[in-house]
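Close look at the chain arrangement
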Amino acid sequence: MIHSLFLINCSGDIFLEKHWKSVVSQSVCDYFFEAQEKAVDVENVPPVISTPHHYLISIYRDKIFFVSVIQTEVPPLFVIEFLHRVADTFQDYFGECSETAIKDNVVIVYELLEEMLDNGFPLATESNILKELIKPPTILRSVVNSITGSSNVGETLPTGQLSNIPWRRAGVKYTNNEAYFDVIEEIDAIIDKSGSTVFAEIQGVIDSCIKLSGMPDLSLSFMNPRLLDDVSFHPCIRFKRWESERVLSFIPPDGNFRLISYRVSSQNLVAIPVYVKHMISFKENSSSGRFDVTIGPKQNMGKTVEGVVMTVHMPKAVLNMNLTASQGSYTFDPVTKVLTWDVGKITPQKLPNLKGIVNLQSGAPKPEENPSLNIQFKIQQLAISGLKVNRLDMYGEKYKPFKGVKYLTKAGKFQVRT
Amino acid sequence: MKPMQKLLQLPASAVNLVRFPPGAAGEDAKSPVLPAEGGQQSWYSALQADELRLLKAPEQQPAPDNSAGANRTQPLRHDDLKEMLDSNKDSLKLEAMKRIVAMIARGKNASDLFPAVVKNVACKNIEVKKLVYVYLVRYAEEQQDLALLSISTFQRGLKDPNQLIRASALRVLSSIRVPIIVPIMMLAIKEAASDMSPYVRKTAAHAIPKLYSLDSDQKDQLIEVIEKLLADKTTLVAGSVVMAFEEVCPERIDLIHKNYRKLCNLLIDVEEWGQVVIINMLTRYARTQFLSPNQNESLLEENAEKAFYGSDEEDAKDDKTETASLVKRKPYVMDPDHRLLLRNTKPLLQSRNAAVVMAVAQLYFHLAPKAEVGVIAKALVRLLRSHSEVQYVVLQNVATMSIKRRGMFEPYLKSFYIRSTDPTQIKILKLEVLTNLANETNISTILREFQTYIRSMDKDFVAATIQAIGRCATNIGKVRDTCLNGLVQLLSNRDELVVAESVVVIKKLLQMQPSQHSEIIKHMAKLTDNIQVPMARASILWLIGEYCEHVPKIAPDVLRKMAKSFTNEEDIVKLQVINLAAKLYLTNSKQSKLLTQYVLNLAKYDQNYDIRDRARFIRQLIVPTEKSGALNKYAKKLFLAQKPAPILESSFKDRDHFQLGSLSHLLNAKAVGYQELPDWPDEAPDPSVRNVEVPEWTKCTSREKRKEKVEKPFYSDSEGESGPTESADSEPESVSESESESGSGTESGSGSGSEEEEEESGDQSEEEEKEKKKKKKKKEKELPRKASLESMGSSPSEEEEEGKKAKKKKPQHDRKGGSESSSEEGSVSESSSSESDSGSDAEDSQLETETKRRKMPPSSKPAPKAAKKGTKEISLLDLDDFTPPPPLPTSSSSLVSSSLVTDLEGLTLIDTSLASTVISPVFSSVKTYELLHRMTGEGLSVEYYFSRQPFAPDPHMVAVQIQFSNNTDSEVKNVRISEPKLLSGMRVQEFKEIESLAPGETTSVVMGIDFCDSTQAANFQLCTHTRQFYGAIQPPVGELMAPVFMSENEFKKEQEQLLRMGVGKLTGMSEITEKLTLPETCQSDHTIVQRVTSAANVSRVPCGADNEYRFAAKTVTSGSLVLITLEKKEGALAQLTVNSEKMVIGTMLVKDIIQALTQ
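Residues numbered from 1 in each chain as written. Chains lettered and ligands numbered in written order. Predicted model: local features only at pLDDT ≥ 70, side-chain atom pairs only at ≥ 80, totals over all residues. Heavy atoms only, no water.

Per an unreviewed UniProt entry, chain A goes by the name MHD domain-containing protein and belongs to Alligator mississippiensis. What the UniProt record of chain A gives under Sequence similarities (unreviewed entry) is the line "Belongs to the adaptor complexes medium subunit family." (UniProt positions renumbered as here; feature names shortened; annotations may be inferred.)

See the structure below:
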């Protein structure tokens, strides 16, 4: 299926190549560069490119293009999903999926790629198995390795590959047994000019950090599971149990993983925690405009809205901006035309405001469209959908684990049209 | 042995090629690639470093010459690396390998290091070894001869006791693309395909496409391997083998038949990548094997499409009225296998893997009845939150789907709204979907959205939006004027691109009703002064030419202006100028005659021959000369004919002839290796091809048939035992022994693990069984041979035979395996002790235990060696090669059991319902009882029958298959059982609540009832969301038992025992005898057996005499034996005897059987 993989950085250098079948020349990437040039913007490079003899399927992650070479029919999502899994694995191993991290750990990267695909077909993609095969680098281990000459390839054979619970490694031991769940919800919304909500829905995930010894069998129940409209599961979850009892029952992988992601659909009413008052105008036949934005809290369930950041892609004609912020600080990048206003916390007593003058290129026509405002914010200890974890039970092990649940609401793709 | 011989020659030639010194060559001539003679264990370690240096010496010199710049810059470093690789220290080797791998990763040539690297292939250090593998796989193709030197290491690895080492050896061996080793690979794959370890078998499946790509002549042999692996029952193998199937022989759909149901049932437990491949393959399979679920609607669909804007409700109404007229056609009934596929893939919509979700979505789109496709929309919309590449692919597919099934995505309209931060390619796709979804009810919202988009800064996107508006306007008449006005306003936009795009779209719209819009045409005529975009100019000119009668004054003036600038125009514009001139000449020759001639003259000398041609042609056509013939008269008709308005269509229309989710669909062109999605067949192919040889106990009638065929040869056997029921000839303990050993039983706990264990232990018991058979045949022959035979047991041909037998045998395990625990060691020892019961002599049994002990996984090597000494065997094969399989990780099994049981429960439910509905031969004769009539149940009708399957969650319960059909017009919700009123001791295992039952739908569930061996009815309330009904299930006595397998001897022994017990109390208490006359219709063996088995759930006991029939069963609750003997006397007379300690059951049973026989 997947013939070869090339990693390309933003300046167009191929800094890693791996072939699972016969070798494909680097020159195949020229087709990719061509498409990249045509697309102008990195995110507009088509993920699938057809060349005379091959097909190139690529993803763009963390300033790296993962370009895979395909020769025959294959579901494109299969390849895309796999490439993202590769990037996730790098992230997991090296803390970041950057060019330097990959170059520094090129041998581990190669070993990983070797294990993840066999003849182009995915073999081991579960991080727990991979970590059994190839230990992730740590500072301590690299020091020890250099002294003792031992390696980061697992000495024991990976039994996880053979088990029926491939996501969990055997023989896990912890002195402190802990299980943490983060319920993170993101609000996706489009607010129109007048402040009414065009579209809003909640995307949630439960990220877990499970450090439990042995083979714990957990079941997590919710106070109001019916809220979860559309759920996708980690493979460890028993689907039947969820169908019948609306309980998440699973033997967890070891470490960090995403248990479920869910959607609370737009049919439900979604509370919008902030409102934005805006006044952006450009005068006809003059090279300036006015900019005035105020952010205030709304339906925030008595919690503080914090970490508020507003980013605006200003029209190309904008030359510079002279603004004053009543709170926080702002920056305007005259090259990319991006205005960023880091607001911080919103206090209802004194609403943060940013206003001032926009300078346009002289002679340029007045921009037709006002830019839309992208808002980010965070609300701690609140799941905006109202989802609540009821209890966590553990079976199969004798010890008593420490359990914790954290809630967080964030803005997802939260956009205000002006 | 041909390939073997070939192999033996290999190393010599390889060695010659690297020019070994004579001495070394001599030494090596003895070391064949296959270390069959046992010696020459580690060939490489035997070689001294000096010799290896010689080996690479010839390579060193040409190196700088043939490898280019990369090498020349760092020749020193390479020497350096070679030295490090030659050193004895692993750490230095590792360092060198790491540097080499880094070079490979950067795409630098490191091929000249090949000899130095390859000799480390047998290095003890795992990481060095792995890196050498990486190197080898990369460069073996370029240095084929040298690569051969490494083969022996892998061949040794293939025989390693550790399954992981076997697997990795096979993996690397098969990855080396050296054509000369094809026979070795073939051999290795064949062997690995029958390996004990599913992991090795999985690797074998992976190796198949590798070999195929290397040498496609091996196809036939590979297909055999694939066929064999397809029959594998482990989830680990399933995905990989289907992938191999898809790459090697996707056209051999016939290989799937027998495995279809198994694949469907395994699907949810297969790893995610395998799921994708299997689902895609099954989609194609289903298209060839089942009938279209929408066949009755296909006619309607066409109608619906004509009524383009008809909302779905209207369609539904149409459906109703028209289906009435279609009733004459054969009603469509979905094949249960088709349903099975749909049902088992549905949960996968919840997968975290976008590829799996997409695979299920396309399966539903291509296979599901129209009414059910809707479920996929939600999952697809969820994917829109994912990475932008995923969004891109999903949106492409949604765009195609939304044309055919608009209603499906309508509720999610807002999810396709566009954000200014979306990449342009995503925006355009979303726009496409929004346009496809537009209908009369939502058009106003959509247009309002579009209005915001038009002001976007992204001009490509704006242009696409204008196109979209145009499409909405043509499709939805109501909004045409609004759209047109909006577009006209855009004509004054500052951006030329926007204006141009608007012009093009307006032109198309105007064509629909030109007469009303002469104002707009006039307005556009003015634009010719400003607009420079050629396409737009051309559009305006065409428009004016076409409707010059509506704008009689302006048209000639436009032509005048264009004639002036003619030479500077683009080609496309020039053509339209000629066009306009011609049309004007025909309608208004007075004003435009000269202009036209001027334009035509200009065109005559144009650089573009297309334009010259056009000018010449038009001149002849419109300007009458003596030469121009009749055509001239029709010039006006030709030019000013009524032209049909263009239909603005989505570029995604009809893309669904490609399988959705495929690369070909995305590219809208056939990709290499794309398998066409076949059209539905008109006639359904025979569904029975999917029937698997179903285990006997589920299939009484067919069992009988088969047995009758088999019986004779077995009876001729000295001991009069029959093969299939062989294990029954030992004591009951031994029956349970084989069960517990097989560790199976759907509920023995270890969750999905049970499969694997089953597999492993299945192998064991097979071999054991086989062994027994041999023992009987060659009892007096020398013992040593036996062991060797046994150790050879894994050779492919034999394995196959065993596989078949395993199939026959397995049911017994499954049947009763339930309550047994699966501790391996315990069961093995137990088995060895009980083995000898069947009357074989002591020596035999001793041997038995020995061989068994050798198999015993945990006791590892020493045991077999000891055994060898004990019996002084002379083995044909090196016994070291035969080592027990390492124990499987069973640690999880006991821990997870409790919760996994519930999972398994679900699985078995599926199985049972499948078996009961699908395997028609048995159940056609099964009697169905009514629980709730359609009338009393207000449209809900409920029927039940006894499926005769073991009820997995509780072996003491009788499984009752209940079938609900909803005959109402509305959904019935929350169907469940409540308040069972039971006699003391009776228990009911309720089925899972049925959340909803759509109108016309039928569903079936299984519930378990423990009747306490009485025929008292179980009473309960059957609740729906609105009502409650009273229901009662009363079992016929024959259903209170489960079949037992035993031999004739055993049967007699048991019978005696029962009688003796009876003597102790009252004679006759445990035996009921009745005489009867068999009717004419019931004389043949076949009918008798069939009637008895249909009256009671018993199994036949093989029996020597012709005129006797014996059956045995155990009551489900208490497990007391029920033995039935039917003796045919002279004429039609017969005598029926039933032995059972449960007198009541016996009496009732006699009555029932007589009734069944004499009816």
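A closer look at the overall build of chain A
Along the backbone of chain A there are seven helices and 23 strands. Residues counted as buried form 59% of the 418 residues belonging to chain A. Contacts in chain A between residues far apart in sequence, at least 24 positions, make up 69% of those at least 6 positions apart. A total of about 16900 Å² of accessible surface is found on chain A, and carbon and sulfur atoms cover 51% of it. (Helix = DSSP H or I, 4+ residues; strand = E, 2+ residues; numbered from the N terminus. Buried < 20%, exposed > 50% of the residue type's maximum accessible area, 1.4 Å probe, protein only. Contact = heavy atoms within 4.5 Å. Areas by Shrake-Rupley, 256 points an atom, 1.4 Å probe, with all protein chains shown as cover.)

Focus on the interface of chain A and chain B
On the side of chain B, 105 residues touch chain A, which itself brings 109 residues to the contact. Residues E272 of chain B and R85 of chain A are paired through a salt bridge, measuring 2.7 Å at the closest nitrogen-oxygen approach. On inspection of chain A and its partner chain B, the count reaches 36 residue pairs in polar contact (both at pLDDT 80 or more). Here the element with the most residues in the side of chain A that touches chain B is helix α2 (residues 76-94) of chain A; it accounts for eight residues. Counted by class, the side of chain A that touches chain B contains 46 nonpolar, 29 polar and 34 charged residues. (Salt bridge = Lys/Arg side-chain N within 4 Å of Asp/Glu carboxyl O. Polar contact = N/O pair within 3.5 Å; in protein donor to acceptor, adjacent residues only side chain to side chain. Nonpolar A, V, L, I, M, F, W, Y, C, P; charged D, E, K, R; others polar.)

A look at the packing of aromatic side chains
Residues and elements named next belong to chain A. Tallying each qualifying case throughout the model produces 26 aromatic pairs over all chains. On the basis of an interplanar angle of 70 degrees and a centroid distance of 5.0 Å, the ring pair of F32 and F65 is categorised as edge-to-face. Placement of the pair is F32 in helix α1 (residues 29-39) and F65 in strand β5 (residues 64-70), with a sequence separation of 33 residues. The exposure class assigned to F32 is buried, which follows from its relative accessible area of 0%. (Phe/Tyr/Trp six-rings, centres within 6.5 Å; stacked < 30°, edge-to-face > 60°.)

Notes on unusual backbone geometry
Residues and elements named next belong to chain A. The backbone of D62 shows a phi angle near 45 degrees, a positive value even though the residue is not glycine. Along the polypeptide, D62 turns up in the loop between β4 (55-61) and β5. On the basis of relative accessible area, D62 is assigned to the partly exposed category, the value being 40%. In the Ramachandran plot, R246 falls in the positive-phi region, its phi being about 60 degrees despite a non-glycine side chain.

Overview of the nonpolar core
Core analysis: the biggest nonpolar cluster contains 274 residues, and F66 and F90 of chain A together with F416 of chain B have the highest contact counts within it. Ranked by residue count, the leading element in this core is helix α23 (residues 354-367) of chain B, at twelve residues. Both of domain 1 (2-148) and domain 2 (178-270 + 382-416) of chain A provide at least three residues apiece to this core. Sequence-distant contacts of F90 of chain A, defined by excluding residues within four places in its chain, comprise L7, F66, G95, E96, C97, I102, V109, L112 and L113 of chain A. In this structure, F233, V312, L323 and I379 of chain A belong to the second largest nonpolar core, which totals 75 residues. (Core = buried A, V, L, I, M, F, W, Y, C linked by side-chain atoms within 4.5 Å. Domains from an automatic or database assignment.)

Examining the sheet that holds strand β8 (residues 1018-1023) of chain B
All names here are of chain B. The strand order β6-β4-β8-β9 describes an open sheet built from four strands, whose pairing is antiparallel. Each having just a single partner strand, β6 (994-997) and β9 (1028-1033) make up the two edges of the open sheet. Taking each pair of neighbouring strands and ignoring which way they run, the sheet shows an average axis angle of 35 degrees. (Pairing = 2+ DSSP bridges. Axes fitted to C-alpha atoms, helices over the stretch in contact; angles between N-to-C directions.)

A few points about helix α15 (residues 198-214) of chain B
Given 3.6 residues to a turn, an α-helix orients residues that are three or four positions apart in the same direction. Residue and element names in this part refer to chain B. With 17 residues, α15 extends 25 Å between its outermost C-alpha atoms, agreeing within 8% with the 24 Å of an ideal straight helix rising 1.5 Å per residue. With 14 of its 17 residues buried, α15 lies for the most part within the structure. At the N-terminal boundary of α15, the capping side chain belongs to S197, with an oxygen 3.0 Å from the backbone nitrogen of Y199. (Expected span 1.5 Å × (residues − 1).)

Observations concerning the pairing of strand β2 (residues 940-950) of chain B
All names here are of chain B. Taking burial as the measure, the eleven residues of β2 include nine buried ones, the bulk of the element. The sheet contact formed by strand β1 (residues 929-932) and β2 spans three bridges and is antiparallel. Paired with L932 across the strands is V942, a residue of β2. Across eight bridges, the pairing between β2 and strand β3 (residues 958-966) is antiparallel. The residue of β3 that forms the bridge with P950 is V958.

Things to note about the confidence of the model for chain A
Here chain A shows a mean pLDDT of 86. Residues at 70 or above account for 92%. Put simply, helix α6 (residues 139-148) of chain A is where chain A has its lowest mean pLDDT, 60, and β5 of chain A is where it has its highest, 93. (pLDDT = per-residue confidence, 0-100.)

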